[in-house]
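Examining the three-dimensional arrangement
Listed here are the chains, written in short residue letters.
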Amino acid sequence: MNVSKKILALLCATLMLFSVVACTNEQPTQDDPTTQSTSESAPTEEPTEEATYGVGVIPEPDDLPYDQSVPASITVDATKHEPLLLWKDRAHTPYWDDSLGATVDPHLLPYIKGDGQERACVIVCPGGGYSYLSNDNEGGVIAEYINKEWDLNAVVLQYRVTPYDYNAILTDVLRAVRFVRYYAKDLGVDPNKIIVMGFSAGGHLACMAAEKFDYGKVGDAIDHVSSRPDAAVLCYPVVTLSAPYTHQGSSNRFLGFREDAELVKLFSGEEAVRKDMPPVFAAHSKKDGTVSYQNSQLLADAMQKIGASCTLKLYEQGGHGFGLALNSSNDSANWKNECFAWLKEIGIIK
């Protein structure tokens, strides 16, 4: 009888200890990453499949050519805009295909302050309908303006376009976010203040970055870092890949000319919104005859529906492709000042 009482007491003590440990490990609801607008830190352990691919992200093939010998740091000359390759060579670039005849290796062109201070960084995605990159109007000039007028760091993403499709294109932009975050110290970047900014088809790519990110994935050391941007700026963006509002050329080229309803839905921005996506600023002219402003409206409505933050600015003038609109009297030229004020509002800029 005494033995039975001792066993019972031991069991009770064990159950009490288990309860204390369980309560200690309980996480408060306010720490739920879906309620935060800043980036999550990279996972310290190999991410699970669920953590890797999240919501609406295409799982990658197992045979991608990951290179484990990623440099721990890089040296960047702030006085030059020398290319920073996202992967060390074509042999280690996912989805690279020599038979396609493409010559643009995915890279970043840096426009950084280089004064030792930590700043936000804008990743600029030029447009071009996924046919070419509109660098003259939506590339270096944008980055230089951000660098000088906004006193921020910027990089211009040179991503792959047709004949490559969404597999390569999406990989490039997510790698760009990871790359800037991984080498944040070398670039003078605050790793929690990385913005993707895209124009036209580049706006679609920036939208995809804001929706198809993960918090770290299997691969090299850079891949282990979160690809979630902290904010997204979309200027006259392609958002939907569905008729009647899509830009059909951009849609066709991004999808690799596949007529697949599931892919159209998967890569339409209004269909892929998620609660943990970063805040978005969208600017569009109602007079845009190339990419209807309904693209931005669809995204704003979808984000509002799930409680995600989107600031939509619709202008009466401007058309399509107005870029910086420095010498324009159109109301759409105000997007720069309104975007700058918005970045202050959400805490990206002090």
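So, how was this worked out
- Residues numbered from 1 in each chain as written.
- Predicted model: local features only at pLDDT ≥ 70, side-chain atom pairs only at ≥ 80, totals over all residues.
- Heavy atoms only, no water.
- pLDDT = per-residue confidence, 0-100.
- Contact = heavy atoms within 4.5 Å.
- 1 Å grid on protein atoms, 1.4 Å probe; cavity = no way out; pocket = protein on both sides within 12 Å on 5 of 7 lines; lining within 4 Å.
- Points joined across faces, edges and corners; volume = space filled by probe spheres on them.
- Phe/Tyr/Trp six-rings, centres within 6.5 Å; stacked < 30°, edge-to-face > 60°.
- Helix = DSSP H or I, 4+ residues; strand = E, 2+ residues; numbered from the N terminus.
- Buried < 20%, exposed > 50% of the residue type's maximum accessible area, 1.4 Å probe, protein only.
- Axes fitted to C-alpha atoms, helices over the stretch in contact; angles between N-to-C directions.
- Parallel < 35°, antiparallel > 145°, perpendicular 65-115°, else oblique.
- Left-handed = near helix turned anticlockwise from the far one by under 90°.
- Nonpolar A, V, L, I, M, F, W, Y, C, P; charged D, E, K, R; others polar.
- Salt bridge = Lys/Arg side-chain N within 4 Å of Asp/Glu carboxyl O.
- Core = buried A, V, L, I, M, F, W, Y, C linked by side-chain atoms within 4.5 Å.
- Pairing = 2+ DSSP bridges.
- Polar contact = N/O pair within 3.5 Å; in protein donor to acceptor, adjacent residues only side chain to side chain.
- Right-handed = clockwise from strand over helix to strand, strands pointing away.

**Looking at the confidence of the model for the protein**
- On average, residues of the protein score 86 in pLDDT, and 83% of them are at 70 or above.
- This stretch, residues 1-56, has a pLDDT under 50; its non-local contacts, to residues over four places away or in other chains, come to 48 contacts.

**A word on empty space enclosed by the protein**
- The full count for this structure, using the stated rule, is two cavities of 30 Å³ or more.
- Reported here for the second largest cavity is a volume of approximately 30 Å³.
- What lines the second largest cavity is Leu85, Leu86, Trp87, Asp89, Arg90, Thr93, Asp105 and Pro106.

**Overview of the packing of aromatic side chains**
- This model, assessed by the stated rule, comprises 15 aromatic pairs.
- Aromatic pair Tyr236 and Phe322: ring centres 4.8 Å apart, planes at 70°, arrangement edge-to-face. Within this pair, whereas Tyr236 is found in the loop between strand E6 (231-235) and helix H8 (248-254), its partner Phe322 is found in the loop between strand E8 (310-315) and helix H11 (335-345), the two being separated by 86 residues in sequence. Across the pair, Phe322 and Tyr236 agree in class, each one buried.
- Aromatic side chains Phe281 and Trp342 sit 5.6 Å apart centroid to centroid with 45° between the ring planes, which places their arrangement in the tilted category. Remark: Trp342 occurs in helix H11 and Phe281 occurs in strand E7 (residues 280-285); sequence separation between them is 61 residues.

**Things to note about the packing of helix H5 (residues 166-182) against helix H7 (residues 201-211)**
- In contact at an axis separation of 10 Å, H5 and H7 are set at 70° when each is read in the N-to-C sense. By the angle between their axes, H5 is roughly perpendicular relative to H7. Helix-helix and strand crossings are classified by hand; for H5 and H7 the assignment is right-handed. For the pair formed by H5 and H7, the contact residues are Ile169, Leu170, Val173 and Leu174 on the first element and Leu205, Met208 and Ala209 on the second.
- Class assignment for the residues of the contact of H5 with H7 results in seven nonpolar, no polar and no charged.

**Some points on the pattern of salt bridges**
- Taken as a whole and judged by the stated rule, the model has 17 salt bridges.
- Where Asp172 meets Arg160, a salt bridge forms, and the shortest distance between an N and an O atom there is 2.7 Å. In this pair, Asp172 is assigned in helix H5 and Arg160 in the loop between strand E4 (153-158) and H5, connecting sequence segments twelve residues apart.
- Judged by its relative accessible area of 2%, Arg160 falls in the buried class.
- Via salt bridges that share partners, Arg175, Arg178, Asp214, Lys217, Asp220 and Asp223 belong to a single interconnected network.

**Some remarks on the environment of Glu118**
- Of note, Glu118 is situated in the loop between strand E2 (107-111) and strand E3 (119-125).
- Remark: the alpha-carbon pair of Glu118 and Lys193, spanning 75 residues in sequence, is separated by 9.8 Å.

**Looking at the nonpolar core**
- Leu108, Ile123, Leu157, Tyr159, Val180, Phe254 and Phe267 are the most contacted members of the largest nonpolar core, which has 61 residues in total.
- Counting residues per element, this core draws most heavily on H5, which supplies nine residues.

**Thoughts on the environment of Tyr111**
- Residue placement: Tyr111 occurs in strand E2.
- Those residues within four positions of Tyr111 in sequence are excluded, and the remaining contacts are His81, Gly140, Ala143, Glu144, Asn147, Leu152, Asn153, Ala154 and Val156.

**Remarks on the sheet that holds strand E5 (residues 189-199)**
- What the eight strands build is an open sheet, ordered E1-E2-E4-E3-E5-E6-E7-E8; its pairing is mixed. One side of each edge strand has no neighbouring strand; the edge strands of this open sheet are strand E1 (84-85) and E8.
- Here six bridges tie E3 to E5, and the two strands are oriented parallel to one another. By the bridge assignment, Val124 is partnered in E5 with Met197.
- Across the sheet, H5 touches E1, E2, E3, E4 and E5, and the angle it forms with E5 is around 155°.

**As for the environment of Val155**
- Tracing the backbone through its elements, the reader meets Val155 in strand E4.
- Residue classification places Val155 among the buried residues on the basis of a relative accessible area of 0%.
- Sequence-wise, Val155 and Val180 are 25 residues apart; in three dimensions their C-alpha atoms are separated by 8.9 Å.
- When sequence neighbours within four positions are dropped, the list of residues in contact with Val155 reads Leu108, Leu109, Pro110, Cys121, Val122, Ile123, Val124 and Val180.

**Looking at the side chain of Arg178**
- Residue placement: Arg178 occurs in helix H5.
- A relative accessible area of 2% means that Arg178 is categorised as buried.
- One polar contact links the side chain of Arg178 to the main-chain carbonyl oxygen of Val225, over a distance of 2.9 Å.
- If sequence neighbours within four positions are ignored, Arg178 has contacts with Asp214, Gly216, Lys217, Ile222, Asp223, Val225, Ser226 and Ser227.

**Quick notes on the pairing of E7**
- Buried residues dominate E7, accounting for six of its six residues.
- Of the two faces of E7, the one holding Val280, Ala282 and His284 and the one holding Phe281, Ala283 and Ser285 are both buried throughout.
- Across four bridges, the pairing between E6 and E7 is parallel. The partner of Cys235 across the bridge, within E7, is Ala283.
- The pairing of E7 with E8 spans six bridges and is classified as parallel. Opposite His284, over in E8, you have Leu314 as the bridge partner.
- You can see the chain leave E7, run along helix H10 (residues 294-306) and come back into E8, and the turn it takes is right-handed.

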